[in-house]
Amino acid sequence: MKHWMLAALLALASFPPALAEEGPGLKLLRLQGLQFGTLVVEPSGGSVELTPDGLLKPSPGIRGLAGAPALVGRIAIEGAPGRRFRLEFDPARPTLSGAAGAPRIERFILLPGDSVLTLDGTGRAEVRIGAVLDIPAGSYSGAYRAFPDVLVRARFTDRGREEGRSAPLFLPIQGHLRAPMSLTCLRSLFFGDVVSGAEGGALRVQADGTYVWTGASPARFLHRHPVAARFLLRGAAGSGYSLRLPREDILLFGRTDKLHVRDFTTDAPWVGRIPAGGLEFGVGATLALPANTSSGTYQGTFRVEVDYN
C-alpha cells in the first residue's frame, strides 16, 4: 500500500519597535526582528538563506512550513542627509540557543547593499536584513533564539576614515525547528475473500476493523475476512497536525473489471496534536460490488496526507 505525507508551520510573534539612544550623528530604530519562521529539518541538518526580500532558500533536507512566513529584520537609520555609513553586527556570527543543537548565522545579507549605505536627502534610510542560517545535524525540535540579542551599530564612512558610532540597537533573531513527519503503513486495507451473490452490494469496512455488508443477498467470506488499514504517524511531540483522506473514488483493478472504493474514514481526529511516541490510527472505506463482478484479485492504492499546522 502506498502512502504519502505532506508537511505545513506556526507563525512566530513579531517584535514591537524599539528606539535606541541617539549617538554621535546617527540614530537607529528597530522596525522588525528577524525570524526564520518554522523549519522542518531532516536529522542530517543543512542550511537556509532568508533573502532581504523575504524569500527562503533552503538546502535539501530543509523546508519552510506554509502558513508560518519568515520575516526579515528591518532597521531605520537617521542622520545627516547624504552621509554614507556602514552597519556592524556583534557578534557577526551569532548562535541561536534552543532545545538541543546550535544553529548559527553564517552571514548577514543587507538590502540595499552589504557594504556602504547612504542616507537619502531627508537623512533617512531603511535597511532590510536577511541571513544564512546553518543548522547542524541532530538539532532537536523547539524554539531557537539568539541570546543575547545581536548588537547593531552604524558608523559614518564618507570622510576618508570611519568615524562616529551610533548607540547600540539590539536585533532579536529567532526560529522554530521541527523534526520531519513520518507516516508508516502498518497494515493495508483489505476487503477479504468475498462472494457477493448475483445481485451485488456494498461492503463497508470501518476504521476499527468491523465491517457491514449491504445487498439484496447476504455475502459470504472465504478464509480471509476484511481488515482496516493501520498507519503510524510520528513527528515533533505536541505539534498540531491535520489529516486528509481521498475524497474521490479510488479504483481497484482486476483482470477485466475495475471496482470503486469510496467514503474513506478514520478513527483519528482529523485535526489534533501528535502525542509522544506517535499516533496510530485506522482507515476504512466502502467497496462497491456490482452484480456479476468477475472473480479475481483486485488491487489499488490510496493517498493519506498529513500536514503540520
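Thresholds applied
- Residues numbered from 1 in each chain as written.
- Predicted model: local features only at pLDDT ≥ 70, side-chain atom pairs only at ≥ 80, totals over all residues.
- Heavy atoms only, no water.
- Helix = DSSP H or I, 4+ residues; strand = E, 2+ residues; numbered from the N terminus.
- Contact = heavy atoms within 4.5 Å.
- Areas by Shrake-Rupley, 256 points an atom, 1.4 Å probe, with all protein chains shown as cover.
- Lys, Arg positive; Asp, Glu negative; His and termini not counted.
- Charge placed at Lys NZ, Arg CZ, Asp CG, Glu CD.
- 1 Å grid on protein atoms, 1.4 Å probe; cavity = no way out; pocket = protein on both sides within 12 Å on 5 of 7 lines; lining within 4 Å.
- Points joined across faces, edges and corners; volume = space filled by probe spheres on them.
- Nonpolar A, V, L, I, M, F, W, Y, C, P; charged D, E, K, R; others polar.
- Buried < 20%, exposed > 50% of the residue type's maximum accessible area, 1.4 Å probe, protein only.
- Pairing = 2+ DSSP bridges.
- Axes fitted to C-alpha atoms, helices over the stretch in contact; angles between N-to-C directions.
- pLDDT = per-residue confidence, 0-100.
- Salt bridge = Lys/Arg side-chain N within 4 Å of Asp/Glu carboxyl O.
- Phe/Tyr/Trp six-rings, centres within 6.5 Å; stacked < 30°, edge-to-face > 60°.

## Some words on the overall build of the protein chain
Counting its secondary structure elements, the protein chain contains 0 helices and 29 strands. Considered along the principal axes of its C-alpha atoms, the protein chain spans approximately 95 × 35 × 30 Å. By sequence separation, contacts in the protein chain at least 24 residues apart represent 74% of the contacts at least 6 residues apart. Approximately 15,200 Å² of the protein chain is accessible, and the part contributed by carbon and sulfur atoms is 52%. Averaging the locations of the 34 positively and 28 negatively charged side chains of the protein chain gives two centres separated by 1 Å.

## Quick notes on the layout of surface pockets
Here the largest pocket defines a volume of roughly 800 Å³. Looking at the largest pocket, it is lined by 31 residues, and the ones nearest its centre are Phe191, Gly192, Gly296, Thr297 and Tyr298. Among the secondary structure elements, those contributing two or more residues to the lining of the largest pocket are β19 (194-195), β25 (250-253), β26 (258-266) and β28 (279-289). Take the lining of the largest pocket: its biggest share by element is 3 residues, from β26. Grouping the constituent residues of the lining of the largest pocket by class yields 16 nonpolar, 13 polar and 2 charged.

## Some details on the pairing of strand β29 (residues 305-308)
Where burial is concerned, the two faces of β29 agree: the one with Glu305 and Asp307 and the one with Val306 and Tyr308 are both buried. Pairing of strand β24 (residues 240-244) with β29 involves 4 bridges; the strand directions are antiparallel. Counterpart to Ser242 in the pairing with β29 is Asp307.

## A look at the sheet that holds β29
The strands making up a sheet associate through hydrogen bonds between their backbones, and the pairing can be parallel or antiparallel. With respect to topology, 3 strands assemble into an open sheet ordered β27-β24-β29, the strand pairing being antiparallel. Edge positions in the sheet fall to β27 (271-273) and β29, since each of these pairs with one other strand and no more. Across the sheet, the mean angle from the axis of one strand to that of its neighbour is 30 degrees, orientation sign disregarded. Bridge count between β24 and β27: 3 bridges; the pairing is antiparallel. Of the residues in β27, the one forming a bridge with Gly240 is Arg273.

## Remarks on the confidence of the model for the protein chain
On average, residues of the protein chain score 87 in pLDDT, and 90% of them are at 70 or above. A low-confidence stretch, residues 1-24 (pLDDT under 50), is modelled with 93 contacts involving residues beyond four sequence positions or located in other chains.

## Remarks on the environment of Ile135
Within the secondary structure layout, Ile135 lies in strand β12 (residues 124-135). Filtering out sequence-adjacent residues up to four positions away, Ile135 remains in contact with Leu39, Val41, Gly45, Gly46, Ser47, Ile62, Pro103 and Leu177.

## Regarding the sheet that holds strand β13 (residues 142-146)
Judged by pairing direction, the sheet is mixed, and its 5 strands sit side by side in the order β6-β3-β17-β13-β9 without closing on themselves. In this open sheet, the two strands that pair with only one neighbour each are β6 (62-64) and β9 (96-97). For strand β3 (residues 34-41) and strand β17 (residues 173-178), the ladder comprises 5 bridges, and the chain directions are parallel. Bridge assignment links Gln35 to a residue of β17, and that residue is Gln174.

## A word on the pattern of salt bridges
Applying the stated rule across the entire model yields 13 salt bridges. As a salt-bridge pair, Glu88 and Arg155 come within 2.9 Å of each other at their nearest N and O atoms. A residue pair is termed long-range when its members are at least 10 positions apart, and Glu88 in strand β8 (residues 84-90) and Arg155 in strand β14 (residues 150-156) qualify at 67 residues. With relative accessibility at 18%, the residue Arg155 sits in the buried group. Residues Arg230 and Asp267 are paired through a salt bridge, measuring 3.2 Å at the closest nitrogen-oxygen approach. Here Arg230, found in strand β23 (residues 229-234), pairs with Asp267, found in the loop between β26 and β27; they are 37 residues apart in sequence, far enough to count as distant.

## Some remarks on the packing of aromatic side chains
Evaluated as defined, the whole model comprises 4 aromatic pairs. Aromatic side chains Phe89 and Phe108 sit 4.2 Å apart centroid to centroid with 15 degrees between the ring planes, which places their arrangement in the stacked category. Here the residue Phe89 occupies a position in strand β8, and Phe108 occupies one in strand β10 (residues 104-111), the gap between them amounting to 19 residues. What makes Phe89 buried here is its relative accessible area of 15%.

## Quick look at unusual backbone geometry
Cis peptide bonds are those with omega within 30 degrees of zero, and the linkage from Asp90 to Pro91 qualifies with 0 degrees. With respect to the helices and strands, Pro91 occurs in the loop between β8 and β9. Pro112 follows Leu111 through a cis peptide bond whose omega is 25 degrees. Turning to its location among the elements, Pro112 is positioned in the loop between β10 and β11 (116-118). The residue Asp263 is not glycine, and still its phi comes out positive at about 55 degrees. Here Asn292, not a glycine, exhibits a phi torsion of approximately 65 degrees, which is positive. The residue Asn292 is located in the loop between β28 and β29 in this model.

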